[in-house]
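A closer look at the structure
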Amino acid sequence: MDGFDLRNTRFPRDASAPTSNLQQRWSFDVSVDRETGDQYKTGRIEYAPPTIADGKVLIGDGALRSDRNYLHAIDVDSGERVWRQGMPELNTGVAVGEGRVFAAGNASQVYGIDLETGTELWQWGTAARVRSSPKYHAGSVYLGCDDGTFYALDPEEGFSQWEYDTTRDSSNLRMYGTQPIHDGLVYLNTWASDDGPSFLYAIDADAGRTEWRYELAATGGGGAAPPAVGEEYLFVPDGANGRLLAFELGSLDPAWEKSDFEFGPRNGAAVADCRVVVGSQGGHVTAVDVETGEWAWRSDTRAPVEMPVTIANGTAYAVDEEGYLYGFAMSGGGKRFEYRIGSRASTTPRAVDGDLFLASRSTVQRLTGQAGSHGVGSVCEPADPTTSASRTTDAATTTADATTNTVNDPTTSAGNTGDRAGTTASGSDGSPGFGVLAAASAIAAAAGVALRRARGASDEE
């Protein structure tokens, strides 16, 4: 599902993924007819990250001037088409559950598709276009709509189980990305398209009742990008106020907030143990401490980052609008690699079977390479009193686990710095800074992580 798991952590804990010497294993062009080889439309894949299930890569497309749009199932090993199902333009990810694929898009329709054959099983109409990726959980399919309504649908027949109407608070609220589900609650992020108020909601997943509501901004538009749920906190990128919020689970008051961000409606958060990581329209990727909100690192990209990052193998993977894929080390934010994947890209990478799956304009790609052995454990562990201070901070440094950086463009190799952070400006005004305070917060965060790990397994699905 979009977000990787119910909590939107975007962190497949045990997944490997390439960190150097990237190369394309296969590419699938959605604008080419697979029978004749002819290009039949001006195809595009936009805001639709791939979903991998049952040996298939599932992704929807849209066309600029064509009604021939499809949901594609691509063989994960060969890159060949398994099936395709015609439907209106899709600009969201799909979810899989009960042997079905759940897809929604711009034509105000939600679809249930047979995972094995691609046969359409049902349609259900919404009142407006859908920019929210479906999420399947415990006999329900959840998604939001541009008319301000959030739905729970039956996965077998497609009928509505319940509907949650946000128009009682504002008439212009949209829902982007995918909404996390945890401990019986759906966390609904809304975005005001006009100069109006925006809200964050916690909704009972079984009955659609309001548990709580938090007003992000009374005026000015904007709102919340897709949140992520950690072990103890809900992390919310607040685009209305340019800040990252952390709510302790069960509390309506933010535990901390961090400013100096430029979030768009799809800049969702990712969380891996002691770090929460976000990309932003400002052209950078940032990691902060989950317990305190203190800066860990910030590294620059060539262009704005529209979509959430993925964390795997001790690396944060991000794609920018110019079509570059980046791998930033979780230990310090150093650039492990920079790889040109194509023209404008608005997608989230997936780490599966040791490779990365992602989309750019009209192509779906599987990238392989050397993985090395990395992880977030070393980032979060408490400091060893016998080691030097430089190992316990997030200050810019080249560490032993740095890999050789690779670029798919010979003009871009000069700026790569291993595990050295891309931006390391220090200051006391809330801007990214490092040193004793960062070291202390890292030790405190590590202790918290160790305690949480002892409490039990997560609710990943």
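Values in this document were obtained by computation on a predicted structure and should not be read as measured data.

Helices and strands together make up the secondary structure of the protein chain, namely two helices and 37 strands. Burial analysis of the protein chain (461 residues in total) assigns 60% to the buried set. Sequence separation of at least 24 residues holds for 55% of the intrachain contacts in the protein chain that already meet a minimum separation of 6. Total accessible area on the protein chain is roughly 16,400 Å²; 43% of this is exposed by carbon and sulfur atoms.

What follows is about unusual backbone geometry. In the Ramachandran plot, Arg-10 falls in the positive-phi region, its phi being about 55° despite a non-glycine side chain. Relative to the elements of secondary structure, Arg-10 occurs in the segment before β1 (20-29). Phi at Asp-260 is positive, roughly 80°, even though this residue is not glycine. Looking at the element boundaries, Asp-260 is found in the loop between β26 (254-259) and β27 (270-272). Assessed through its relative accessible area of 43%, Asp-260 is described here as partly exposed.

Tallied over the entire structure, the rule returns one disulfide. The residue that forms a disulfide with Cys-274 is Cys-380, at a sulfur-sulfur distance of 2.1 Å. Between Cys-274 and Cys-380 the disulfide shows an S-S torsion of about -80°. By sign, it is left-handed. You can see Cys-274 sitting in the loop between β27 and β28 (275-280) and its partner Cys-380 sitting in helix α1 (residues 377-380), a full 106 residues away along the chain. When its relative accessible area of 1% is taken as the criterion, Cys-274 is described as buried.

For soluble globular proteins, nonpolar side chains are generally found buried alongside one another. Residues Val-277, Val-285, Trp-297, Val-309, Ile-311 and Met-330 are the most contacted members of the largest nonpolar core, which totals 20 residues. Residue contributions to this core peak at three residues, all from strand β33 (residues 324-329). If sequence neighbours within four positions are ignored, Ile-311 has contacts with Arg-10, Phe-11, Pro-12, Ala-270, Val-271, Ala-272, Val-277, Ala-316, Met-330 and Val-376. Among the nonpolar cores identified, the runner-up in size contains 18 residues, and Phe-150, Ala-152, Leu-173 and Ala-205 belong to it.

Adjacent strands of a sheet form backbone hydrogen bonds with each other and so pair up, either parallel or antiparallel. Overall, antiparallel pairing links the four strands, which are arranged β12-β13-β14-β15 in an open sheet. Only two strands of the sheet have a single neighbouring strand rather than two, namely β12 (135-137) and β15 (160-165). On average, each strand axis in the sheet is tilted by 20° relative to the strand beside it, whichever way the strands run. Of the strand pairs in this sheet, β12 and strand β13 (residues 140-144) are connected by three bridges, and their pairing is antiparallel. If you follow Tyr-136 over to β13, its bridge partner there is Val-141.

About the criteria used
Residues numbered from 1 in each chain as written. Predicted model: local features only at pLDDT ≥ 70, side-chain atom pairs only at ≥ 80, totals over all residues. Heavy atoms only, no water. Helix = DSSP H or I, 4+ residues; strand = E, 2+ residues; numbered from the N terminus. Buried < 20%, exposed > 50% of the residue type's maximum accessible area, 1.4 Å probe, protein only. Contact = heavy atoms within 4.5 Å. Areas by Shrake-Rupley, 256 points an atom, 1.4 Å probe, with all protein chains shown as cover. Disulfide = S-S within 2.5 Å. Core = buried A, V, L, I, M, F, W, Y, C linked by side-chain atoms within 4.5 Å. Pairing = 2+ DSSP bridges. Axes fitted to C-alpha atoms, helices over the stretch in contact; angles between N-to-C directions.

Function-wise, these values are silent; they only describe arrangement.
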